[in-house]
Amino acid sequence: MKYTELTPDNFLEEMQLISPQVDTERLFKVWDYALDAHGKQQRASGEEYIIHPMNVAYILAQMEMDCTTIAAGILHDVVEDTKIGMEEIESEFGSEIAQLVDGVTKVGKMEYHGRKDRIGNQAESYRKLLFAVVEDVRVIFIKLADRIHNMRTLKYLPEDKQKHIAQETLEIYVPLSNRFGITSLKWELEDLCLKHLYPDTYKEINEFIHEKKGSRDKYVSNYVQMVEQYLKDSDIKAHITGRSKHFFSIFRKKLKRKLSYDEIYDYTAIRIVVGSVTECYHALDVINSKFHPLPERFKDYIAKPKDNGYRSIHHVVISEEGRTVEIQIRSLEMHHEAEEGSAAHWRYKEFYEINTEGKRKLALQTETIAKQVQWLRDFLKTHPLEDSATFLKSLKNDLNVDNIIVKTPKGEYVELPIGSTPLDFAFSVHTDLGFKCKSSKINGRIASLDTVLRNGDTIQIQIGKEMKPSKDWLLFLKTSKAKQKVRSWFRQKELEDAYLLGQKLFDRYYKKTSKVEKRQELLKSVTAVFKYSGVKDFLTALGRGVIDPLKVWEVINPPIEVNVDEKELLPTKPYDNAENVISLDGIDNLLVHFAKCCNPVRGDEIIGYVTRGRGITIHRTKCTNPAFKDLLIKESERIVDVVWDKKSKGKGLYPVRIVIGSMIKPKLQDKITSTILRSKVKIYEQRYVPEKEIFKLFMTVLVTDKKSLENLLTKLKKIKGVIEVKA
Ligand code: MN
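About the cut-offs
Residues numbered from 1 in each chain as written. Predicted model: local features only at pLDDT ≥ 70, side-chain atom pairs only at ≥ 80, totals over all residues. Heavy atoms only, no water. Pairing = 2+ DSSP bridges. Helix = DSSP H or I, 4+ residues; strand = E, 2+ residues; numbered from the N terminus. Axes fitted to C-alpha atoms, helices over the stretch in contact; angles between N-to-C directions. Buried < 20%, exposed > 50% of the residue type's maximum accessible area, 1.4 Å probe, protein only. Polar contact = N/O pair within 3.5 Å; in protein donor to acceptor, adjacent residues only side chain to side chain. Contact = heavy atoms within 4.5 Å. Parallel < 35°, antiparallel > 145°, perpendicular 65-115°, else oblique. Left-handed = near helix turned anticlockwise from the far one by under 90°. Nonpolar A, V, L, I, M, F, W, Y, C, P; charged D, E, K, R; others polar. Donors = N, O, S within 2.8 Å, 3.2 Å for Na, K, Ca; no water. pLDDT = per-residue confidence, 0-100. Core = buried A, V, L, I, M, F, W, Y, C linked by side-chain atoms within 4.5 Å. Domains from an automatic or database assignment.

## Some words on the sheet that holds strand β20 (residues 654–663)
The strands that make up a sheet are held in pairs by hydrogen bonds between backbone atoms, and each pair lies either parallel or antiparallel.
Here is step 1: Strand order in the open sheet made by the 4 strands is β21-β22-β20-β23, with antiparallel pairing throughout. Here the strands that pair on one side only, and so sit at the sheet edges, are β21 (682–690) and β23 (722–726). The sheet shows a mean angle of 20° between the axes of neighbouring strands, taken without regard to direction.
Here is step 2: Taken together, the 10 bridges between β20 and strand β22 (residues 694–703) define a ladder with antiparallel strand orientation. Its bridge partner being in β22, Val659 is matched across the sheet by Phe698.

## Here's the deal with unusual backbone geometry
Here is step 1: A positive phi angle is found at Asp235, which is not glycine, with a value near 60°.
Here is step 2: Within the element layout of this structure, Asp235 appears in the loop between α12 (199–233) and β1 (238–242).
Here is step 3: The phi angle at Asn443 is positive, at roughly 50°, despite the residue not being glycine.
Here is step 4: Overall, the relative accessible area of 41% leaves Asn443 in the partly exposed class.

## Re helix α27 (residues 626–634)
Each α-helix winds once per 3.6 residues, and so residues spaced three or four apart point in a common direction.
Here is step 1: Within α27 the residues assigned to the buried category are Pro626, Ala627, Phe628, Asp630 and Leu631.
Here is step 2: Measuring from the side-chain oxygen of the N-cap residue of α27 to the backbone nitrogen of Ala627 gives 3.0 Å; that N-cap residue is Asn625.

## Re the sheet that holds strand β15 (residues 592–594)
Here is step 1: Pairing within the open sheet is mixed, and its 4 strands lie in the order β15-β17-β16-β18. Looking at the sheet topology across the chains shown, the edges are occupied by β15 and β18 (639–640).
Here is step 2: The pairing of β15 with strand β17 (residues 616–620) spans 3 bridges and is classified as parallel. Residue pairing in the sheet places Val592 in a bridge with Ile616 of β17.
Here is step 3: Against the sheet, α27 engages β16 (606–610), β17 and β18, with an angle of about 70° to β16.

## Section: the packing of helix α10 (residues 159–179) against helix α11 (residues 183–197)
Here is step 1: It is the contact of α10 with α11, at a shortest axis distance of 9 Å, that shows an interaxial angle of 160°. Looking at the two axes, α10 sits roughly antiparallel to α11. Considering how the two elements wind past one another, α10 and α11 form a crossing that is left-handed. Of the residues in α11, those touching α10 at Gln162, Lys163, Ala166, Gln167, Thr169, Leu170, Tyr173, Val174, Ser177 and Asn178 are Leu185, Lys186, Leu189, Glu190, Cys193, His196 and Leu197.
Here is step 2: Split by residue class, the contact of α10 with α11 holds 8 nonpolar, 6 polar and 3 charged.

## Some thoughts on the coordination of the manganese ion
Tetrahedral metal sites with four donors have an ideal angle of 109.5 degrees; octahedral sites with six donors have ideal angles of 90 or 180 degrees.
Here is step 1: The manganese ion binds to the protein through His52 (NE2), His76 (NE2), Asp77 (OD) and Asp146 (OD), with metal-donor distances spanning 2.2 to 2.3 Å.
Here is step 2: Written as a sequence motif, the donor residues of the manganese ion are H-x23-H-D-x68-D. Of this pair, His52 sits in helix α3 (residues 51–62) while His76 is found in the loop between α4 (67–75) and α5 (78–81), placing the two residues 24 residues apart along the sequence. Here His52 matches His76 in class, with each residue buried.

## A short note on the confidence of the model for the protein
Here is step 1: Looking at the protein as a whole, the pLDDT averages 82, with 88% of positions reaching at least 70.
Here is step 2: Below a pLDDT of 50 lies the segment residues 347–364, which in the model reaches 38 contacts outside its immediate sequence neighbourhood of four places, other chains included.
Here is step 3: Note that pLDDT drops below 50 for residues 560–573; the model gives that stretch 13 contacts with residues more than four away or on any other chain.

## Thoughts on the nonpolar core
Here is step 1: Membership of the largest hydrophobic core comes to 95 residues, with the highest contact counts inside it found for Phe11, Leu27 and Phe141.
Here is step 2: Two domains each provide a minimum of three residues to this core, namely domain 1 (11–197) and domain 2 (201–343).
Here is step 3: Contact partners of Phe11, with chain neighbours within four places excluded, come to Leu6, Trp31, Met54, Ala57 and Ile74.
Here is step 4: One finds Phe594, Val601, Ile676 and Phe695 within the second-largest nonpolar core, a separate group that totals 33 residues.

Right, here's the structure in full:
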């Protein structure tokens, strides 16, 4: 907003310059009255008091307010600061002006003691102000004009008062000016707040901008020319300007994106103002064809205006040199609205309409203003006479539409979206702080991690030594960045756990196998069999159950090879006829086969595993195959109880591997063989393996049931020279 030095001598002249429609004669009367009323009062600056109301009136005129509002602006401090009462204002200037003045006049200027009184007074004053705004929305414009002039002249007050007023402005008046869409006013207020709350930061930004101005202006004007040419080539008439960011938005960007001033300032910002909505989109097409667009940063506030009525297209593109260019595209009408806010819709004569009863009624000309007034009405309704502290807190919180600003214990600002929690705060300060977060304090009091933060809260995070995120966090985290971090942490953790489990499984199989390769070699070759590029990937897949452990076990420990013609020697039963030897819940004719790892024999306690598409595999209940033990746990739902079918008793032959260790003695091998054959047990295959002083016979025999096997084993053990028999 333009700043003009006003004196009692040039006041009316300046007013007429910016607002020719204003009734100067009427204003003169009001001004003369105020001048008299304030008399010799002085402001903290030492200036005559009247300078302040004059400036407030001037700001209102800049906002194109009507004469009544400007007049009320001149009188706004008369009742609060002089002995003149509201009745006098009313009889002098009418009820309309009196109502406006009353609306901005604080509740009771009585002496108060202590914090509680002060908060009570403050809350009552706001409540009164809001009620007045609901009655006549022009009150808010006077209050905002008043605040901006006070902020401009804040330096004359003592420092603690400066900070207090700046804080209040940031919490209440900035969001109010945003809600009513007066962008230029909001920006100025924000920068003034920054200046007084964070003088060092303000100075830093100021110096930085000063230093970089020359080079920046050059490349911005390059872009302006370039875009101008592109649009001209496409027959779009446009007014293009480089845009400088106000200080607070640089500050905010720094908080939000954690960029250095250099990086923020490198952002080239351009505004394109065209004639119509159609041309806005036309211009957008041209931009997209010439630059590389960043679709994730595209925002169409024309199709979906902001709550405060703001309309524009916001776009970010990357230029050929890799520079980020922020582009705003809007029509002239939108531009006007954005600069002056919803007040711009209102020409002074449009404030009232005559209703059917011939009574003047406040006309809400814009949807935005209607919306905001409705919001205030609802707020007052839902916050009746609650206690003052709560009222103030709710007001500050609810006023903010987008983000809240909270503080670290060191007083640094952190901006977060509404609904954020202490955990969001922790993650936004530092990822580590988030992951190690154990508990939190808000304004010195212990608060759970899912408490919703309010504007101005100071948050302290207590951490543990280790990262201990919880999946519950995902339920209440507000910021997507933090959610993303927690999610990927758990994903990573799951992969690591799976890798460890895969290692354990593999090692267990490795211990049991008879293979002589070194662990690492075997692991590599098995990895290759399952077509994984690395052993880590393979083990992780094994741990996650992507690979069937049984298959891994089979690769590590393949069944003993039979060196004879398999077809000829394969036992016909029970393989052929297995359906008839097993029943499951009384159902026979099942497709079954017998596990090679434990070779169950009729009479053994057995259990069935329902395979995927290959019927039921029968294992002994005591099967020691580690892969099968894993299945018992992991796929217990596939394990079924089976029994030997009584009807098939004596029909099947079951292969059993036995090992017989004996002294090397003449004819002993023959004796063993004949003992087996006499027991009516068939020998399926055998291998003779001599060792130093003994030999071993590895045999597969075919028995009818467990009993005949046990008989055989007993007989074999009794043969002289036989040392050991194992089945
Ligand atoms: Mn004032």
